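# Residue-level structural notes
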Amino acid sequence: MLALIAAHGVLAVLAPWLFARLGPRVFLVMALAPAAATAWAASSARDVVAGRPVEQATAWVPGLGLTLDLRLDALGLLMVTLVGGVGTLVLVYCAWYFPGDRQGLGRFAGVLTGFTGAMLGLVLADDLILLYVFWELTSVTSYLLIGHDDEDPESRRAAQQALLVTAFGGLTMLAGFVLLSQAAGTSSLSALLADPPSGGMVPAGLVLVLVGAFTKSAQVPFHPWLPSAMAAPTPVSAYLHAAAMVKAGVYLVARLAPAFAVVPLWRPVVLTVGLATMLVGGWRALRQTDLKRLLAFGTVSQLGFLMVLFGAGTAEAALAGAALLLAHGLFKAALFLSVGVVDHATGTRDMRELSGVGRQLPLVGLAAGSAALSMAGVPLLFGFVSKEAAYEAFLHGSTSDAIVFAGLVAGSVMTAAYSARFVWGAFATKNHLVRNEVHAPSPGLVLPVVLLAGAGLLLGVLPSLADPLVQAYAASYPGPSPEHLALWHGPTAALGWSLVTLALAALLFRSRSAVGRAQRRATRVLSRVDADRSFARVLDAVEVLARRTTAVAQSGSLPVYLGTVLATLVVLPGLALLLTSRVSADLTPWDRPLQPVVGVLIAVAAVAAARARRRFTAVLHLGAVGYGIAVLFVLHGAPDLALTQFLVETLALVIFVFVLRRLPATFVRRPARTSQAVRVGIALAVGAFVTGAVLVSGQARTAAPASQAYLDRSLDEAGGSNVVNVVLVDFRGFDTLGEITVLAVAAMGIASLVLAGRGRGSKVAAGETALTAAGGQATDEPGTSAPEAVR
């Protein structure tokens, strides 16, 4: 499993180099990684369906007990099939979709492959922290994919919106993961589900995790980012919004539901949000004229449908949810890719400009029509099988189930209606429009559409092919096993409601003009609660708050910054030190009589530095403080530290002297009495805190000091009798190397600034000389030549 994820990463890195040699056919090479993942999943299906998950644990940081835990079970197998199978076809599609001279295509291929690997890692992760890492990787890579056309303001805005919403949800989810891990005593996902924790932290953690799932799967009120993401290239839309990223939140709910659906707040939260999303998405899809936006709002609606099914917490609903998860990935990917074919062939995807496309692209029209019928829930297609199972799961329950069922029927009516609207808008011949001129698409564009639509038809006719997999997932729920998937269960109530749904959808489609007028009126009434505008208002509010906070916190005063840091140091750890720590009375004031004398001199020099009016005098007193500390090091028997302190102080004095040449001899103004009192108070408090911390830490040791190990190993293992030198160059050699690197970089930066300043000074001096010779005056205005200045 880890090798498959790593293969995606390797190919992603190599993609730009391969593109320079293969052109757009690099996507065919990239497709090898998800194809290998799909083949591996197929080879593992027998064991997984039989209840024997595939597990892999790889040591990451053994000293900290960190491992990369991966696990393939029934739900993971279903997701890997979607991620790998659809990903393979999308990458093949890309090889013929993009022109060879498109800028940044190699980078795009790498990011898309990297996204596929991140999604694969997400559904295989068996550790909450590892899942979060892959979760955020999908957010970052999707941001790059949506904003691929970085010169388009709409693409940049959509990418930013998607990243902000999903990253906010990810951080919220991480907090929930921490609470659940603390309550369970482990971050292992399988262990967490096998023995669910209880207690007050669990409901709070679940709410935070659900917020993350809702943002990722575009649930109300976080849904606007998904339709906006249609600014991305069509293959990205097909993959992210059919089989990959937007399924991550649904996957997380499906993963946690068997263990946590019994928590009282789970069902009300998930079912309410899911139903609202299904209805809002369906209603908005009915008024779209852009084919991709229609499918985008349809995706929002279907994600709400999936949330309801997985959030219900029953085996019957879980069976329907797993079936719909697979069906949705097939028909939605086919529909998005068919839009790309239509756009390629006609130059538009606006249904108000399309006419007669179905007659000129019969194979594409047939495949897209089959996928749309599956989305509508028409018999003989897999979408019908999953929707009938969903109806059956809520038909015979409580009053709350009846309410949910009514919402599902209303949402399904709109789903079937916008499915008909899609087929009519994309492929029908409209009498009031001139037939479009259509360019024949390449087989590489058509084949993925046909295969995906054909898979939906095959599973609709033979649902027994998918039944073992969805049954294996449903078996993770308590209670009896649900009925098997089948095309025909007899004249059941669910079948009757399916027919009623299709009839009402046909009526709704025929009344599309009236529906459009009703929606326009509703939009005017509800304009204040528009989600897109709400998102913009939230961003504006955050920006205003940030500016006001920055104006207060970043005042430009170094004493204010330093005082804030020191005051925080005193208040937080200082208060804890005062309330919880005790200092033993067994203290030795000094070891040698000279130590208190030096200490008094250091204190006198420090006070004199603070009261000095001349800068040079203050620097000398600061130097006296440093030299005094070096003397203390000598008295304590640390000549190496003393020598280092002497060198540092001497160098600091030299630098201060050079700097003081550019500064006034005296301090410009003295602080006010109130400000000076505050500074003195903070200084005394910091001194008291440091003194107390030293006393407490010196008496708080419970383990043997680490320095003894350095003393014991220095001569034998490192061959050095000077322990300090051995520590610097051997035991902690990489730390020393890092410090040297930082100093070297800083030195180069300072040298660059000095040289740049000298160059500018030389130019200014030359300009002054030329102007003086010309009888003019010098000017510091950039871009002004000497004759111009004279004139």
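Here's what I pulled together on the structure shown here. (Residues numbered from 1 in each chain as written. Predicted model: local features only at pLDDT ≥ 70, side-chain atom pairs only at ≥ 80, totals over all residues. Heavy atoms only, no water.)

### Observations concerning the overall build of the chain
- The number of helices and strands found in the chain is 33 helices and 2 strands.
- By principal-axis analysis of the C-alpha atoms, the chain measures approximately 105 × 80 × 55 Å.
- Residues classed as buried in the chain amount to 43% of the 791 residues present.
- Partitioning the contacts of the chain with sequence separation of at least 6, the portion at a separation of at least 24 is 76%.
- For the chain, the exposed surface amounts to about 39,000 Å²; the carbon and sulfur share of it is 66%. (Helix = DSSP H or I, 4+ residues; strand = E, 2+ residues; numbered from the N terminus. Buried < 20%, exposed > 50% of the residue type's maximum accessible area, 1.4 Å probe, protein only. Contact = heavy atoms within 4.5 Å. Areas by Shrake-Rupley, 256 points an atom, 1.4 Å probe, with all protein chains shown as cover.)

### What to know about unusual backbone geometry
- Put simply, Val220 and Pro221 share a cis peptide bond, and its omega is 5°.
- Mapped onto the elements of the fold, Pro221 is located in the loop between α9 (201–216) and α10 (225–228).
- With phi around 80°, Leu380 is a residue other than glycine that occupies positive phi space.
- Along the chain, the position of Leu380 falls in the loop between α17 (362–376) and α18 (382–395).

### Quick look at helix α4 (residues 74–97)
- Its 24 residues give α4 an end-to-end C-alpha distance of 34 Å, which sits within 8% of 34 Å, the value for a rise of 1.5 Å per residue.
- Counting buried positions over the 24 residues of α4 gives 20, a clear majority of the element. (Expected span 1.5 Å × (residues − 1).)

### Some details on the nonpolar core
- With 192 residues, the main nonpolar core has Phe27, Trp266 and Phe394 as its most contacted residues.
- Considering every element that reaches this core, the biggest residue donor is helix α15 (residues 315–346), with 22 residues.
- Residues in contact with Phe27, not counting those within four places in the same chain, are Leu91, Cys94, Ala95, Phe98, Leu105, Phe108 and Ala109.
- Judged by nonpolar contacts, the second largest core, of 5 residues, contains Val598, Ile602, Val625 and Leu635. (Core = buried A, V, L, I, M, F, W, Y, C linked by side-chain atoms within 4.5 Å.)

### Describing the layout of surface pockets
- By volume, the largest pocket amounts to about 2,100 Å³.
- Around the largest pocket sit 47 residues that line it, and Ala606, Ala609, Ala610, Arg679 and Ala683 are the ones nearest its centre.
- Of all the secondary-structure elements, those providing two or more residues to the lining of the largest pocket are α25 (558–580), α26 (594–611), α27 (615–635), α28 (639–660) and α29 (673–699).
- In terms of residues, the lining of the largest pocket owes the most to one element, α29, which gives 16 residues.
- When the residues that make up the lining of the largest pocket are grouped by side-chain class, the tally is 32 nonpolar, 10 polar and 5 charged. (1 Å grid on protein atoms, 1.4 Å probe; cavity = no way out; pocket = protein on both sides within 12 Å on 5 of 7 lines; lining within 4 Å. Points joined across faces, edges and corners; volume = space filled by probe spheres on them. Nonpolar A, V, L, I, M, F, W, Y, C, P; charged D, E, K, R; others polar.)

### Focus: empty space enclosed by the protein
- A complete count under the given rule lists 2 cavities of 30 Å³ or more for this structure.
- For the largest cavity, the calculated volume is near 70 Å³.
- Secondary structure elements with two or more residues in the lining of the largest cavity: α14 (291–311), α15, α17, α18 and α19 (399–427).
- Of the residues forming the lining of the largest cavity, the biggest block, 3 residues, is contributed by α17.
- Classifying every residue of the lining of the largest cavity gives 5 nonpolar, 6 polar and 1 charged.
- The calculated volume of the second largest cavity comes to roughly 40 Å³.
- Lining the second largest cavity, in full, are Ala327, Leu330, Phe331, Ser370, Ala371, Ser374, Leu381, Phe382, Leu452, Ala453 and Gly456.
- Taken together, the residues that form the lining of the second largest cavity break down as 8 nonpolar, 3 polar and no charged.

### Notes on the packing of aromatic side chains
- By the definition in use, this model includes 14 aromatic pairs.
- Ring centres 6.2 Å apart and planes at 65° place the aromatic pair Phe27 and Phe108 in the edge-to-face group. A residue pair is termed long-range when its members are at least 10 positions apart, and Phe27 in helix α2 (residues 26–30) and Phe108 in helix α5 (residues 105–124) qualify at 81 residues.
- Through a chain of ring-to-ring contacts, the aromatic side chains of Phe27, Tyr93, Tyr97, Phe98 and Phe108 assemble into a single cluster. (Phe/Tyr/Trp six-rings, centres within 6.5 Å; stacked < 30°, edge-to-face > 60°.)

### A few points about the packing of α15 against α18
- Packing of α15 against α18 brings their axes to within 8 Å, and their N-to-C directions diverge by 160°. As the angle between them shows, α15 and α18 are arranged roughly antiparallel. When you trace α15 past α18, the crossing you get is left-handed. Counting all contacts with α15, which are made through Glu316, Ala317, Ala320, Ala323, Leu324, Leu326 and Ala327, the residues of α18 involved are Phe382, Gly383, Ser386, Ala389, Ala390, Glu392, Ala393 and Phe394. (Axes fitted to C-alpha atoms, helices over the stretch in contact; angles between N-to-C directions. Parallel < 35°, antiparallel > 145°, perpendicular 65-115°, else oblique. Left-handed = near helix turned anticlockwise from the far one by under 90°.)

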